[in-house]
Amino acid sequence: MKTTLQTIIQETLQKEKRNLFTFLTGAGISSESGLPTYRGSDGIWIKGTKYHKPEEFGTFRYFSQNQEEVWQYNLFWKKLIEQATPNQGHFTISKIEQLLNKKFQLITQNVDGLHQKAGSKNIFEIHGNKQTVRCVSGCGNVMPIPLEIKSKELTEDLTEKDLELLHCQNCGDWLRPNTLWFDESYNEKLYFLNSALKSAKNTGILFVIGTSGATTLPQMLTETVLQYGGYVIEINTEENSYFFERFSRTKKYILIKKKASDALMNIKEIIEEYK
Ligand SMILES: [Zn+2]
């Protein structure tokens, strides 16, 4: 007998419209690669002996008063990201993209670039990317962190050269990490707000992986998918996310209680079977 998941995948593959397979990923998928999650118990928001809550530290307000400290922290993250390698979950999503081509969309809250390292191409990074920067005053485009800037240990100070390179060559203002901070809003230009919502409308199945759903766009995306008749399939070993709280009584919401990499492998095999 076919499982519910097999039936849903088969039906969606046969649909003419609203047949997109959309994958929404959060920090949980990168934790198997050794990157700390922001809200998990292993979150590191430390500088020296100073502890910060992400909601205070990860803000434009904090950056605008403590640029060097925030950059020091981000250059430490640069090191973590450079050392991190994609895991089975990232690779399986990349293989699913190859199977589905245009019927595939990846939307990630992650800023670590690991999906790209695993070969994924069609991605909306709705919280930006830590390996890119932009001018605080808004001139010019998003660009990679200048090559000459080396990653740092958490306690390592910025050099004069770093400070020079972390300023805009055009207007002299600070460059900032190209990531969405807690006191900022989503938009299309930097964070693909409208594109992500448009995908949600065309989605047959939204797979939600490794995110607690604490931010508004993932919440809007799931609501939009359900509103337009699609399924929301959450992969989570626990019943602890916003999505579970909000949708567990909804017929088109399904929770798969498996490790992300195992569940994704299973999804890939079903797609291969029915494609
Ligand atoms: Zn500038």
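Residues numbered from 1 in each chain as written. Predicted model: local features only at pLDDT ≥ 70, side-chain atom pairs only at ≥ 80, totals over all residues. Heavy atoms only, no water.

**Considerations on the coordination of the zinc ion**
Line of reasoning, step 1. Taken together, Cys 135 (SG), Cys 139 (SG), Cys 168 (SG) and Cys 171 (SG) make up the protein donors of the zinc ion, found 2.1 to 2.3 Å from the metal.
Line of reasoning, step 2. The site at the zinc ion holds 4 donor atoms, and with the angles between them running 104 to 117°, its shape is tetrahedral.
Line of reasoning, step 3. All donors to the zinc ion come from one chain, and their sequence spacing reads C-x3-C-x28-C-x2-C. Here the residue Cys 135 occupies a position in strand β6 (residues 128-135), and Cys 171 occupies one in the loop between α8 (160-165) and β8 (175-179), the gap between them amounting to 36 residues.
Line of reasoning, step 4. By relative accessible area, Cys 135 is classed as buried at 4%.
Line of reasoning, step 5. A relative accessible area of 41% means that Cys 171 is categorised as partly exposed. (Donors = N, O, S within 2.8 Å, 3.2 Å for Na, K, Ca; no water. Tetrahedral: all angles 85-135°; square planar, octahedral: opposite > 155°, others 65-115°. Helix = DSSP H or I, 4+ residues; strand = E, 2+ residues; numbered from the N terminus. Buried < 20%, exposed > 50% of the residue type's maximum accessible area, 1.4 Å probe, protein only.)

**A word on the nonpolar core**
Line of reasoning, step 1. In this structure, Ile 9, Phe 21, Phe 23, Phe 207 and Ile 209 are the most contacted members of the largest nonpolar core, which totals 27 residues.
Line of reasoning, step 2. Elements with a minimum of two residues in this core: α1 (4-14), β1 (20-25), α6 (88-100), β4 (104-108), β9 (203-209), β10 (231-235) and α13 (260-274).
Line of reasoning, step 3. Residue contributions to this core peak at 6 residues, all from α13.
Line of reasoning, step 4. In contact with Phe 21, other than residues within four places in its own chain, are Ile 9, Thr 12, Leu 13, Leu 100, Lys 103, Phe 104, Gln 105, Ile 205, Phe 207 and Ile 271.
Line of reasoning, step 5. Within the second largest apolar cluster, 26 residues are counted, among which are Trp 71, Leu 75, Leu 154 and Leu 163. (Core = buried A, V, L, I, M, F, W, Y, C linked by side-chain atoms within 4.5 Å. Contact = heavy atoms within 4.5 Å.)

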